[in-house]
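# A closer look at the structure
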Amino acid sequence: MSTTPRCPSCRRFVYLDTLVCPACGTEMGLQVIERVFEAVHAGRTVVDGVTWFTCSERDWGCNWLVREDAPAGRCSSCRLTRRRPDADDTIALEKLATVEEAKRRLVLQIGDLGPPIEGWYQKPGGLGFDLLSSRSDGEKVTIGHANGIITTDLAESLDDVREAVRVKLGEPYRTVLGHLRHEAGHYFQNVLITDDATWSRCRELFGDERESYRDALNRHYEFGAPQNWSDAFISEYATMHPWEDFAETFAHYLHIVGTLQTAAAIGIHLEAGASTLRDTDVEPREDYGDQSVGRTLSDWAALSQAFNRVNRSMGLADLYPFTITPPVQRKLAFIHEIITRARLTTAEQVELALAPQGDERN
Ligand SMILES: [Zn+2]
Ligand SMILES: [Zn+2]
């Protein structure tokens, strides 16, 4: 689903996280199923006889709407947050809005791609987020994924801290959204792969995830990635352990189809010859679910080269400083296949997003 988000009053483009239209001052909320902004007055709006309320976390920057019959005043993204820092950790709380914004983008994208999201409050092992802070007194934060819960360190969303970690880990690219997409990969590996045949194909591509994680971690931090890592891996970190390879590749799949979707919504079109990689026009699509991975990656190769040119003309580093080799292509194809296979119908998605069962307040 799509397309360019617009102000309900003046019809100008607005960013996904907009609360008030910068052009005409209309206060607005996002109805996530149809992806349309509605004008809100006193925290509510009525559309076709149905009342929608603004999410109770609006003071934290959440602009989603909640339907009148939803079981909670928080939207389906905010309900996924299980823990957050203490009220007196003001530095961390300042960053909470930033991470929640990236999380809403992730949740919207998963909704578009179609695999099911079941919350931590709906079933054991369901998806949840502990958004904590290593700056809070006495809190040791172990970032990562365990049993459905994604833990992130809000201190790391401070730009200087994230940049220091990025340089230390030798990563060309590290953002809050990228981090969440990576951790979501850990969660979805177990959700999307459920039968032995698919697991064995996964192991052929990524390696056997049952090998010791601790040994792999020690090895990685002592010796780093092997010399020729880029032949078969999307990043150095992906060489660490098969779990990390899957998560890194999953995150890249989300980067690729998410950015293609945005390019399509903007109406970007590359003429033949505008890229060194295609001699036909490139018309990105908002949805690649019914396309081959070959088409997806071919569009992306041309588009990412164009975006790199844009960045270089501003003196910035490349938007997409990665090379997709044939082994990485096969891994991306596998992820494309298992995500597409798990696709829910629109009605099922509506049900999940608007009326998730269960109560997170206990
Ligand atoms: Zn407007
Ligand atoms: Zn919300």
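Refer to the structure above for everything that follows.
A quick note: this is a predicted structure, and the numbers were derived from the prediction, not measured. (Residues numbered from 1 in each chain as written. Chains lettered and ligands numbered in written order. Predicted model: local features only at pLDDT ≥ 70, side-chain atom pairs only at ≥ 80, totals over all residues. Heavy atoms only, no water.)

Here we come to the coordination of the zinc ion (ligand 2). In this structure, C55 (SG), C62 (SG), C75 (SG) and C78 (SG) serve as the protein donors to the zinc ion (ligand 2), at separations of 2.2 to 2.3 Å. Each of the four donor atoms around the zinc ion (ligand 2) contributes to a set of angles spanning 105 to 115°, which defines the coordination as tetrahedral. One chain supplies every donor for the zinc ion (ligand 2), spaced along it as C-x6-C-x12-C-x2-C. Here the residue C55 occupies a position in the loop between β4 (50-54) and β5 (65-67), and C78 occupies one in the loop between β5 and β6 (81-83), the gap between them amounting to 23 residues. C78 carries the same exposure label as C55, and that label is buried. (Donors = N, O, S within 2.8 Å, 3.2 Å for Na, K, Ca; no water. Tetrahedral: all angles 85-135°; square planar, octahedral: opposite > 155°, others 65-115°. Helix = DSSP H or I, 4+ residues; strand = E, 2+ residues; numbered from the N terminus. Buried < 20%, exposed > 50% of the residue type's maximum accessible area, 1.4 Å probe, protein only.)

Spatial strand order, β6-β7-β9-β8: four strands in an open sheet with mixed pairing. On the outer flanks of this sheet lie β6 and β8 (144-146), each paired with one strand and no other. For this sheet, the mean angle separating the axes of adjacent strands, direction not counted, is 30°. Contacts from helix α1 (residues 90-113) reach β6, β7 (128-132) and β9 (149-153), with the element oriented near 160° to β7. (Pairing = 2+ DSSP bridges. Axes fitted to C-alpha atoms, helices over the stretch in contact; angles between N-to-C directions. Contact = heavy atoms within 4.5 Å.)

A separate point is helix α8 (residues 326-341). Look at α8: 22 Å from first C-alpha to last across 16 residues, which is about the 22 Å you get at 1.5 Å a residue. All of the buried residues in α8 are V328, K331, L332, F334, I335, H336, I338 and I339. Where α8 is buried, its residues contact α1, α3 (176-192), α4 (196-206), α6 (242-266) and α7 (293-313). (Expected span 1.5 Å × (residues − 1).)

Another point: the sheet that holds β5. Within the open sheet, the three strands sit side by side as β3-β4-β5. Their pairing is antiparallel. Two strands lie at the open edges of the sheet, namely β3 (44-47) and β5, each paired on one side alone. The average undirected angle you get between the axes of adjacent strands in this sheet is 35°. Across three bridges, β4 lies against β5 in antiparallel orientation. Its bridge partner lying in β5, W52 is registered against R67.

Now for the coordination of the zinc ion (ligand 1). Protein ligation of the zinc ion (ligand 1) involves C7 (SG), C10 (SG), C21 (SG) and C24 (SG), the donor distances falling in the range 2.2 to 2.3 Å. Geometry at the zinc ion (ligand 1) is tetrahedral, judged from the four donor atoms that bind it and their angles of 104 to 120° at the metal. Mapped onto the polypeptide sequence, the residues donating to the zinc ion (ligand 1) form the spacing pattern C-x2-C-x10-C-x2-C.

What follows is about the side chain of R58. Relative to the helices and strands, R58 is located in the loop between β4 and β5. On the basis of relative accessibility, which here comes to 13%, the residue R58 falls in the buried class. Within the local environment of R58, its side chain forms a polar contact with the side chain of E27, the two groups lying 3.5 Å apart. A distance of 2.9 Å separates a polar atom in the side chain of R58 from the backbone oxygen of M28. With sequence-adjacent residues up to four places away left out, R58 is seen in contact with L19, E27, M28, G29, V40 and N63. (Polar contact = N/O pair within 3.5 Å; in protein donor to acceptor, adjacent residues only side chain to side chain.)

Residues F246 and F250 are the most contacted members of the largest nonpolar core, which totals 71 residues. Elements with a contribution of two residues or more to this core: β1 (28-31), α1, β7, α3, α4, α6, α7 and α8. Ranked by residue count, the leading element in this core is α1, at ten residues. For F246, the residues in contact, after removing those within four places along its chain, are G185, Q189, I193, C202, F206, F334, I335 and I338. (Core = buried A, V, L, I, M, F, W, Y, C linked by side-chain atoms within 4.5 Å.)

Attention now goes to the packing of aromatic side chains. Between two aromatic rings, the relevant description is the distance of the centres plus the angle of the planes. Going through the model one piece at a time under the given rule, you end up with nine aromatic pairs. On the numbers, 5.1 Å between centres and 85° between planes, the contact of W300 with Y320 is edge-to-face. Here W300 is found in helix α7, whereas its partner Y320 is found in the loop between α7 and α8, with 20 residues between them in sequence. Side by side, W300 and Y320 carry an identical accessibility label, which is buried. The rings of Y187, F188, F206, F246, F250 and F334 are connected pair by pair, giving a single aromatic cluster. Residue placement shows K103 over the ring face of F129; its charged tip is 5.4 Å from the ring centre. (Phe/Tyr/Trp six-rings, centres within 6.5 Å; stacked < 30°, edge-to-face > 60°. Lys NZ or Arg CZ within 6 Å of the ring centre and 35° of its normal.)

Let us look at the pairing of β1. Side chains M28 and L30 of β1 all project onto a buried face; the interleaved residues G29 and Q31 project onto the opposite face, where all are buried too. Across four bridges, β1 lies against strand β2 (residues 36-39) in antiparallel orientation. In the strand pairing of β2, L30 is matched with F37. Hairpin connection from β1 to β2: four residues lie between these consecutive antiparallel strands, with R35 at a positive phi of about 60°.

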